[in-house]
Amino acid sequence: MKRMLARRALITVAAGAAFAITACAGDSPVSPEGIAARSALSRQSSQVNPGIYQLSFYTNGLVPVTTLVAGGGGELILGALVTDAAGAPAQGGSVTFQYCSLKGLPPHDITRADEAPSSACASGDGDWARLTTVSVDASGHAYMDFGIVMLPRTVGFRFAYTRKGGAVSSGVSAPADFTWVAASQ
């Protein structure tokens with residue numbers, strides 16, 4: 001019985017060695033050529049390029065706008081476009097839209113509005129507050145409906161892009177101000 005087990009173990013070891021020798025022959029993934037090819041492919045697929053982060057303002061129907069009339073001039077829609085330097089859209093990831101909020105004021109209080117121009121955040125009088133996070137679509141766009149503003153004011157906006165598996169690096173757009181004007185009498 002011991003002799004039979006020893007013979008089976010020898011055959012198993014010999015078969016395993018033959019398998020190992022076969023696996024290492026040619027363009028195996030564990031051969032020097034296979035390792036070099038995998039390393040090059042890994043570098044290529046993990047290459048991250050600098051991005052271009054463009055914030056735009058729209059109203060109903062994605063019509064571009066520079067101002068709106070407070071209290072009834074339409075809803076403000078924030079638009080983000082994320083591309084690489086060559087103009088190829090980001091494939092995956094998300095955009096977090098932010099507004100400039102004055103320090104010490106409560107959000108969502110129309111009588112003491114915390115929304116401020118981007119200069120308040122640049123000077124330290126305000127902080128960037130999160131509005132919402134939206135996934136980018138296949139064309140590198142993301143949109144958010146900010147809504148209708150009732151009182152004339154100027155508000156600073158920006159967005160932060162978070163990469164998820166794509167080739168465009170995470171980054172932040174330049175801030176941009178949007179102004180709601182009073183209705184002309």
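Cut-off values and rules
Residues numbered from 1 in each chain as written. Predicted model: local features only at pLDDT ≥ 70, side-chain atom pairs only at ≥ 80, totals over all residues. Heavy atoms only, no water. Helix = DSSP H or I, 4+ residues; strand = E, 2+ residues; numbered from the N terminus. Buried < 20%, exposed > 50% of the residue type's maximum accessible area, 1.4 Å probe, protein only. Areas by Shrake-Rupley, 256 points an atom, 1.4 Å probe, with all protein chains shown as cover. Disulfide = S-S within 2.5 Å. Contact = heavy atoms within 4.5 Å. 1 Å grid on protein atoms, 1.4 Å probe; cavity = no way out; pocket = protein on both sides within 12 Å on 5 of 7 lines; lining within 4 Å. Points joined across faces, edges and corners; volume = space filled by probe spheres on them. Nonpolar A, V, L, I, M, F, W, Y, C, P; charged D, E, K, R; others polar. Pairing = 2+ DSSP bridges. Patch = residues over 30% accessible without salt bridge, like charges linked within 9 Å, V, L, I, M, F, W, Y side chains within 5 Å. Salt bridge = Lys/Arg side-chain N within 4 Å of Asp/Glu carboxyl O.

A. Structural detail: the overall build of the protein chain. Helices and strands together make up the secondary structure of the protein chain, namely three helices and 10 strands. Listing every helix and strand of the protein chain by position from the N terminus yields α-α-β-β-β-β-β-α-β-β-β-β-β. Counting every position in the protein chain, which comprises 185 residues, the buried fraction comes to 31%. When the accessible surface of the protein chain is summed, it comes to about 11100 Å², and 60% of that surface belongs to carbon and sulfur atoms.

B. Spatial organisation of the state of the cysteines. Under the counting rule described, the total for this entry stands at one disulfide. In this model, C100 is linked to C121 through a disulfide, with the two sulfur atoms separated by 2.3 Å. For the disulfide bridge between C100 and C121, the dihedral angle about the S-S bond is near 115°, and by the sign convention the bridge is right-handed. In this pair, C100 sits in strand β5 (residues 94–102) while C121 sits in helix α3 (residues 118–123), placing the two residues 21 residues apart along the sequence. You can call C100 buried: its relative accessible area is 0%. The buried category is assigned to C121, whose relative accessible area is 13%.

C. Geometry of the side chain of R153. Position of R153 among the secondary structure elements: in strand β8 (residues 153–162). With relative accessibility at 17%, the residue R153 sits in the buried group. In this structure, R153 is in contact with A113, E115, F178, T179 and W180, ignoring residues within four places of it in sequence.

D. Local environment of the environment of L102. Checked against the element boundaries, L102 lands in strand β5. Relative accessible area serves as the criterion here: at 27%, L102 is assigned to the partly exposed category. Separated by 23 residues in the primary sequence, L102 and D125 have C-alpha atoms spaced 6.0 Å apart. Ignoring any residue separated from it by four or fewer positions in sequence, one finds L102 in contact with A113, D114, A116, A120, D125 and G126.

E. Representation of the layout of surface pockets. Put simply, the largest pocket is a space of about 300 Å³. Taken together, 16 residues make up the lining of the largest pocket; nearest its centre are H108, E115, F146, V149 and R153. Secondary structure elements with two or more residues in the lining of the largest pocket: β6 (126–135) and β8. Partitioning the lining of the largest pocket into residue classes produces 10 nonpolar, one polar and five charged.

F. Expanded view of the sheet that holds strand β2 (residues 63–64). Spatially, the four strands line up as an open sheet ordered β2-β1-β4-β7, and their pairing is antiparallel. Here the strands that pair on one side only, and so sit at the sheet edges, are β2 and β7 (141–147). Relative to strand β4 (residues 76–84), strand β1 (residues 51–59) runs antiparallel, the two being bridged by eight bridges. Considered in β4, the bridge of G51 is made with D84.

G. Inspection of a nonpolar patch on the surface at higher detail. Taken together, the side chains of I110, I148, M150 and L151 present a nonpolar region at the surface, about 370 Å² in accessible area. The topology assignment puts M150 in the loop between β7 and β8. Overall, the relative accessible area of 49% leaves M150 in the partly exposed class.

H. Fine view of the pairing of β8. Of all 10 residues that make up β8, seven are buried, and the element is covered over most of its length. Relative to β8, β5 is paired through six bridges, and the arrangement is antiparallel. Counterpart to F97 in the pairing with β8 is F159. Across five bridges, β8 lies against strand β10 (residues 176–181) in antiparallel orientation. By the bridge assignment for β10, V155 is matched with F178. Looking at chain direction, β8 and strand β9 (residues 171–172) are connected through two bridges and run antiparallel. Directly across from A160, in β9, lies its bridge partner V172.

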